[in-house]
Structure formats: structure tokens, C-alpha cells
Amino acid sequence: MKDAHVYSHYRDTVIGSIVDLAAEHDDVVFLDADLSSCIGSTAFQKAYPERFFNCGIAEANMAGIAAGLSSMGFVPFIHSFGCFASRRAYDQLFISVGYTHQRVIVIGSDPGITAQYNGGTHMPFEDIALMRQIPGMVVVEPSDAQSLYSLTQQVYDSGSSAYIRTPRKGICFRYSADDDIALGKGIELSTGKDVALIATGVIMVDAALAAKEMLASKGIDATVIDLHTVRPLDTELVEKAARRCGKVLVMENGRYPGGVGEMIAMHLSRTYPVKMDFMNVGERFGEVGNLSYLSSSFGFTPEVAAEKAERLAR
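Everything numeric in this text was worked out from a predicted model, so none of it was measured.

Draft legend 1. Spatial organisation of the overall build of the chain. Scanning the chain from N- to C-terminus turns up 13 helices and twelve strands. On C-alpha atoms alone, the chain measures out to a radius of gyration of 19 Å, which is about the 20 Å that the 2.2 N^0.38 rule sets for 314 residues. For the chain, the spread of C-alpha atoms along the three principal axes comes to 60 × 35 × 35 Å. Within the span of the chain, comprising 314 residues, buried residues form 58% of the whole. Counting only contacts in the chain whose residues sit at least 6 apart along the sequence, the fraction spanning at least 24 positions is 78%. Element-wise, carbon and sulfur atoms account for 52% of the exposed surface of the chain, whose accessible area totals about 12,000 Å². Of the charged side chains in the chain, 28 are positive and 37 negative; the average position of the first set lies 6 Å away from that of the second.

Draft legend 2. Examining empty space enclosed by the protein more closely. Considering all chains together, one arrives at one cavity of 30 Å³ or more under this definition. Computed from the structure, the largest cavity encloses a volume of approximately 60 Å³. The wall of the largest cavity is formed by 13 residues, among which T114, E141, P167, V202 and I203 lie closest to the centre. At the level of elements, β6 (162-166) and α9 (202-216) are the ones that each hand at least two residues to the lining of the largest cavity. Residue contributions to the lining of the largest cavity peak at three residues, all from α9.

Draft legend 3. Seen up close, the layout of surface pockets. Taken as a whole, the largest pocket spans an internal volume of roughly 270 Å³. Lining the largest pocket are 16 residues; nearest its centre among them are T114, Q116, P167, K169 and L291. Looking at the lining of the largest pocket, the element that brings in the most residues is α9, giving three residues. Residues of the lining of the largest pocket, tallied by class, amount to nine nonpolar, three polar and four charged.

Draft legend 4. Inspection of the sheet that holds strand β12 (residues 275-279) at higher detail. Spatial ordering of the open sheet is given by β7-β9-β8-β11-β12, a layout of five strands whose pairing is mixed. Either end of the sheet is taken by a strand with one partner, and the two such strands are β7 (187-190) and β12. Sheet twist, expressed as the mean angle between neighbouring strand axes with direction ignored, is 20°. Judged from the five bridges that link them, strand β11 (residues 247-251) and β12 form a sheet pairing that is parallel. From the neighbouring strand, V248 faces β12, where its bridge partner is M276. Here α9 sits on the sheet and contacts β7, β8 (195-199), β9 (222-226), β11 and β12; the angle it forms with β8, its principal contact strand, is near 160°.

Draft legend 5. The arrangement of the packing of helix α1 (residues 10-24) against helix α8 (residues 145-158) in detail. Across the interface, α1 lies against α8 with an axial gap of 9 Å and an inter-helix angle of 35°. In this structure, the crossing between α1 and α8 has a hand that is right-handed. Contacts between α1 and α8 involve Y10, T13, V14, G16, S17, I18, D20 and L21 from the first element and A145, L148, Y149, T152, Q153 and Y156 from the second. For the contact of α1 with α8, the residue count by class is eight nonpolar, five polar and one charged.

What counts, and where the lines are drawn
Residues numbered from 1 in each chain as written. Predicted model: local features only at pLDDT ≥ 70, side-chain atom pairs only at ≥ 80, totals over all residues. Heavy atoms only, no water. Helix = DSSP H or I, 4+ residues; strand = E, 2+ residues; numbered from the N terminus. Rg over C-alpha atoms; globule rule 2.2 N^0.38 Å. Buried < 20%, exposed > 50% of the residue type's maximum accessible area, 1.4 Å probe, protein only. Contact = heavy atoms within 4.5 Å. Areas by Shrake-Rupley, 256 points an atom, 1.4 Å probe, with all protein chains shown as cover. Lys, Arg positive; Asp, Glu negative; His and termini not counted. Charge placed at Lys NZ, Arg CZ, Asp CG, Glu CD. 1 Å grid on protein atoms, 1.4 Å probe; cavity = no way out; pocket = protein on both sides within 12 Å on 5 of 7 lines; lining within 4 Å. Points joined across faces, edges and corners; volume = space filled by probe spheres on them. Nonpolar A, V, L, I, M, F, W, Y, C, P; charged D, E, K, R; others polar. Pairing = 2+ DSSP bridges. Axes fitted to C-alpha atoms, helices over the stretch in contact; angles between N-to-C directions. Left-handed = near helix turned anticlockwise from the far one by under 90°.

As C-alpha cells, then:
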């Protein structure tokens, strides 16, 4: 697996992964919604101009074109900001792609509060819930550049349609090219006995790891799980953590209904009910601000995570 440390932003990482796939597979094509400069898909255009299509600011049409390309044997990757890739193109993704059993891989960039200064209109908190309703749709939200690169490759290999949730700007490196990153299998970053922090995405996994250190100073031993694949859910790992700790905090940069927290709560209610709490946006719309302000405003901080986890553990 390629070492993702060569990239400087998440956008470079996901596009780099797709360019590398295109070098090996002639069926890979890329469609963008007039956002090439935002996601960096010009790199794909330069490498494979005959396989790149700028569909303009018309996301629903882009999804329909992708479905048509899929019916001709291509594997389309399509991109727009997460709000438009999910909400605006949803009927076409559900019917033209899902219902007709076509295969399209959707990149929804800047999910949740990572939209920052684009504000509330551009903050998809419900995109995971929407994509979970399309039968067979894989949903991933990697927490670093290496897992983003690897999981993008694995989504292609899976043969399924997928929704990849990723920020555009910034970068962090939690894993190396030698680490075992497997689609459908979460990663246990630490093993504790008192409370399990199950987090998805860059912001929440960072917050969970910092919260673990805060909890350790109070004698609370926390498990931290990077749930990079939301669907299919790694039920084995979730149940293992629930049985070991008896308390679970689910952390997501999105909304509870239909989201990661509700999905895990629904599963554990049938298999191993435990005491739970949740970090999510609640009943709010997005707002304008930088990531630091928004994390504080929405309670997505290590301090809030540690407080919730401590209440559970006590």
C-alpha cells in the first residue's frame, strides 16, 4: 500500500488514491460538479482527460450520468461538497444508482462542521443517515490520510457503491502504510475496561484520544475505537467493547437520527444492552466559523467527551 505521507491535504490524498486506481483499472472515471479546484480533481483530469467529466453545478444530473456510465461497465467516482452530494443528488443516487443496481462511488467533502466558513447551508449532518438508507451502500469516514487512501482503494475492490466522507483541507497521519486498515473492521486504538469511546472521522477520533488521557488522570481506563467504516458496521468489535466496558460513548460529527450513534444503539439493544451516551449536533443547524469555534460551539471537544465518559464510568 502506498505511503500517504506524500500528500499535504486530505483532498490530495483521496484524489491521489483514485488516480492510482485509474492507472491500474481502465474502468475508473471521475465526475465533478464544477469543484475541481476545491477537491484537486484537476490532477485526475491531467492524468486521464478522456476519463474526466465536469458536470457543472448540477449534482443530480451528475449522479444520473454516473449511473449511465456504470451501466456501460465503468466505475464512476463522483464528487461534490457533502451537502450537495447527499441531499441534492439523493433521488438520483437512490433510484438511478441504488434501485437499478448500478455502482457509483460518491465523495462527499467537508462533512459536518468541517465546512467551516461555508456555513450552515453547507454542513451536512444527515448525510450518513441518508446514505444508510440506500441498500448495499458502503459508508466510510476515515480519520487520517493513510486510512483515507487505503479505504478509497478498498472501496473500489469491494465491488459496492460507497459514500466516502472526508474533509478537504488539513491532514493528520495516525497510521502508516504498514498498519492493518481493513474496510468493515474498526481499529481499537486503546484497550480499556471502564468505558468505550467509539468515534468516527478526524475530529471525533482526535477528541476521543485526547479525552482518554484526561480520563486516565482520573483513574478511568478507556477503550478508543476508530470506526472508520460506518456501514457495514463492525458488530464484532462494537459488541466486544460493550461487553468489556459496559458503558459506551458514541462520537460523531453528525446528527443522531439515522446516524452512527443510533445505529450502534439499535444493534446493542438487540445483542448486549449497555449504558450509553452520545456526542452529536443534536437539534441544530450549522453555522459559520472556524473549526476551533465550531468544535466548542457544538461540544465536540475532548473536555466534553471526557465529561460524558466520566459520568458513564461513575
